[in-house]
Amino acid sequence: VGPAGVLRLAGVLSLAGVLAGDSGVQPAGPPLPLDLGRTVSPGGDALSHGRGLDCREVRKRNSSEWCRFIRSNPDCQLEGGFLDYLEGVFCVFPPRLLPLAVTLYALWLLYLFIILGVTAEKFFCPNLSAISTNLKLSHNVAVFSLTSSLHGVTFLAFGNGAPDVFSAVVAFSDPRTAGLAIGAVFGAGVFVTTVVAGGIALVKPFTAASRPFLRDVIFYMVAVFLTFMVLYFGRITLGEALGYLGLYVFYVFTVVLCTWIHRRQRREGLAPPGPWEPEMPTDAEEQESSGTNSGDYGEEYRPLLPSQETSLHILTTALSPLDYRKWRRKPWYWRLFKVFRMPVELVLLLTVPVVDPDKDDLNWKRPLNCLHILTSPLLCILTLKSGTYGLYQIQGVFPVWGLVTLVGSVLAIITFITTSNEEPPKYHCVFAFLGFLASAMWINAAATELVNILRTLGIIFQLSNTVLGLTLLAWGNSVGGKGPAAHPSATPGTPILLASPQVSPSLSADTFSDLTMARQGYPRMAFSACFGGIIFNILVGVGLGCLLQMTSSQPLVKLEPDSLLVWILAGALGLSLVFSFVSVPAQCFQLGKAYGVCLILYYLAFLCVALLTEFRVIRLSAL
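Here the structure is a predicted model, which means the values were calculated and not measured.

Draft legend 1. Looking closely at the pattern of salt bridges. Considering all chains together, one arrives at ten salt bridges under this definition. Residue Arg-235 pairs with Glu-240 through a salt bridge whose shortest N-O separation is 3.2 Å. A residue is classified by how much of its surface remains accessible, and Arg-235, at 30% relative accessible area, is partly exposed. With a shortest N-O distance of 2.8 Å, Glu-345 and Lys-338 are connected by a salt bridge. Both residues of the pair, Glu-345 and Lys-338, count as buried.

Draft legend 2. Region of the structure containing the nonpolar core. One finds Phe-90, Phe-186, Ile-236, Phe-527 and Ile-538 to be the most contacted residues of the largest nonpolar core, which totals 140 residues. Residue contributions to this core peak at 18 residues, all from helix 4 (residues 98-134). Sequence-distant contacts of Phe-527, defined by excluding residues within four places in its chain, comprise Ala-197, Ile-200, Phe-206, Ala-208, Phe-213, Leu-591 and Tyr-595.

Draft legend 3. Quick look at the pairing of strand 8 (residues 556-560). Only one face of strand 8 is buried, namely the one carrying Val-557 and Leu-559, since none of Leu-556, Lys-558 and Glu-560 on the opposite face is buried. The sheet contact formed by strand 5 (residues 235-237) and strand 8 spans three bridges and is antiparallel. When the bridges of strand 8 are listed, Thr-237 appears paired with Leu-556.

Draft legend 4. Fine view of the side chain of Thr-227. By the secondary structure assignment, Thr-227 is in helix 8 (residues 210-233). Here the side chain of Thr-227 touches Tyr-244 through a polar contact of 2.9 Å, side chain to side chain. In this view, Thr-227 contacts Phe-186, Tyr-244 and Ile-538; residues no more than four positions away in its chain are not counted.

Draft legend 5. Quick look at the confidence of the model for the chain. Of all residues in the chain, 75% attain a pLDDT of 70 or more, and the chain-wide mean is 77. In the predicted structure, residues 138-147 sits below a pLDDT of 50 and forms 16 contacts with residues beyond four places in sequence or in another chain. Contacts from residues 481-509, a stretch scored under 50 in pLDDT, to residues over four places away or in other chains number 112 contacts.

Draft legend 6. Region of the structure containing a nonpolar patch on the surface. On the surface, Tyr-392, Ile-394, Val-397, Phe-398, Leu-403, Leu-406, Val-407, Val-410, Leu-411 and Ile-414 cluster together into a nonpolar patch covering about 910 Å² of accessible area. Here the element with the most residues in the nonpolar patch is helix 16 (residues 400-418); it accounts for six residues. By the secondary structure assignment, Ile-394 is in strand 6 (residues 393-394). For Ile-394, a relative accessible area of 32% corresponds to the partly exposed category.

Rules used in this analysis
Residues numbered from 1 in each chain as written. Predicted model: local features only at pLDDT ≥ 70, side-chain atom pairs only at ≥ 80, totals over all residues. Heavy atoms only, no water. Salt bridge = Lys/Arg side-chain N within 4 Å of Asp/Glu carboxyl O. Buried < 20%, exposed > 50% of the residue type's maximum accessible area, 1.4 Å probe, protein only. Core = buried A, V, L, I, M, F, W, Y, C linked by side-chain atoms within 4.5 Å. Helix = DSSP H or I, 4+ residues; strand = E, 2+ residues; numbered from the N terminus. Contact = heavy atoms within 4.5 Å. Pairing = 2+ DSSP bridges. Polar contact = N/O pair within 3.5 Å; in protein donor to acceptor, adjacent residues only side chain to side chain. pLDDT = per-residue confidence, 0-100. Patch = residues over 30% accessible without salt bridge, like charges linked within 9 Å, V, L, I, M, F, W, Y side chains within 5 Å. Areas by Shrake-Rupley, 256 points an atom, 1.4 Å probe, with all protein chains shown as cover.

So this is what it looks like as structure tokens:
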């Protein structure tokens, strides 16, 4: 097994360990079905597979009974998380202040999306890039064209899709929220392949990259068809879950092979650059971008004489999430958004180390990194299973968090004594793995809270998990925040997620970055991101999410799509892919405003049908 496989296995095992703590081990007996809709008994009471009354029934009762119903009904107990949102809205807030509670929950929901985005952009993706660099995956010049593609479809895809995949895995961990996962995976697919792709065509008409487009659409259609069949048969076996992951491995192999063949043909002069390739910037453009993209004008502010900074000054500077020179140049709306992000960034800076291979000192901050030796393990143990393990008393006397604090303090002191401020230690790469684990724990904790608050809002407004997944969760994970507008430098013939890590380690296939790329004159690369990035989300999100719910005695997960909305969602995604697969080659890959308008109108029609189905305006016989 190569180094990439070892790291990918380590990431999956750490993710499994995190989520196993939140979801617990399923008891022996028949596998618990993952309900993707609402089941209503003949008498009118909604059932939840042996869990008593459906928690949504609380709104049908008198307001004086809300709190007692929530506390006595097993279906109203949230799995994992630090806050009990249901008890808060129905027991803490009086009924007349329900609108205030909903408003506060909505604001907290938006902030959770910010937390997910900041963690993935500033901490998770850079540490993944540093890990791949330390494993020599992208700096071997002889095989750069091959390894950069492998880096993109593994490390960059994992980093960019981390919020989506973690949300899906957390949602699959509870049968009552499985509909959120299906709704989010399919809903984000429909949104990105219609609204985002159509918006790119409207902003700047272009010629699509034909071979990467056809490859990605075919793989995505296969993934959607597999998911449709799983829903049709109502269960997913161990082999099928592994098949999802195996299909993504085959996709990675296909991308690497195609890139290698294309590079070889280019060297032999058999395949000159054509309109099917994503555009590449010139050397002058790359130098200009690399010179102005940093935005800190370090040479201008560098002192003439070198000076040694004190540890206290290094610590305060490293903990500052604000660049005052950049603050003065930015518009007011950027400053307002930065104010909301600063508390999150400050806490993350305190708990998550970041290794930057592009800096001379590898981002070595001796006092802060020594502090990370204490705070990062403490964060991991306190977020694992919502702090249950961290508060556990060893022999009923000493808490686990106390032991971690003691050991971490000793290691931090030893590291501080044996290192210097000017030069990073030889084992500095270990901090990249520590930062990867700590940022993964942050993302998992935020995803757990996100799923719980979405379920609470669904109970308040009497909405199914599927419609919440295809709207709020899909929009939140797709609209933006997972990374800045990507630098337009990528490996030819590959999607934007396959870009070189040396240029942009935090590329993302979200709406804002893709539209910004299109406005900057790189619409083909933005369009490739729409179809290349979401393949990882559906294959790894569904495959890994269901795989983690299986045990040796129960290698099966049942899926019960009782709602018609699930089938409408799956059909809409399949039709949108078929439409693009047929219409784009029919236009000789020349995509203009007419194509963009058709896609956006298609999404609006789909959204209307989905909402009308949710509110029972459209009713059909059970499938």
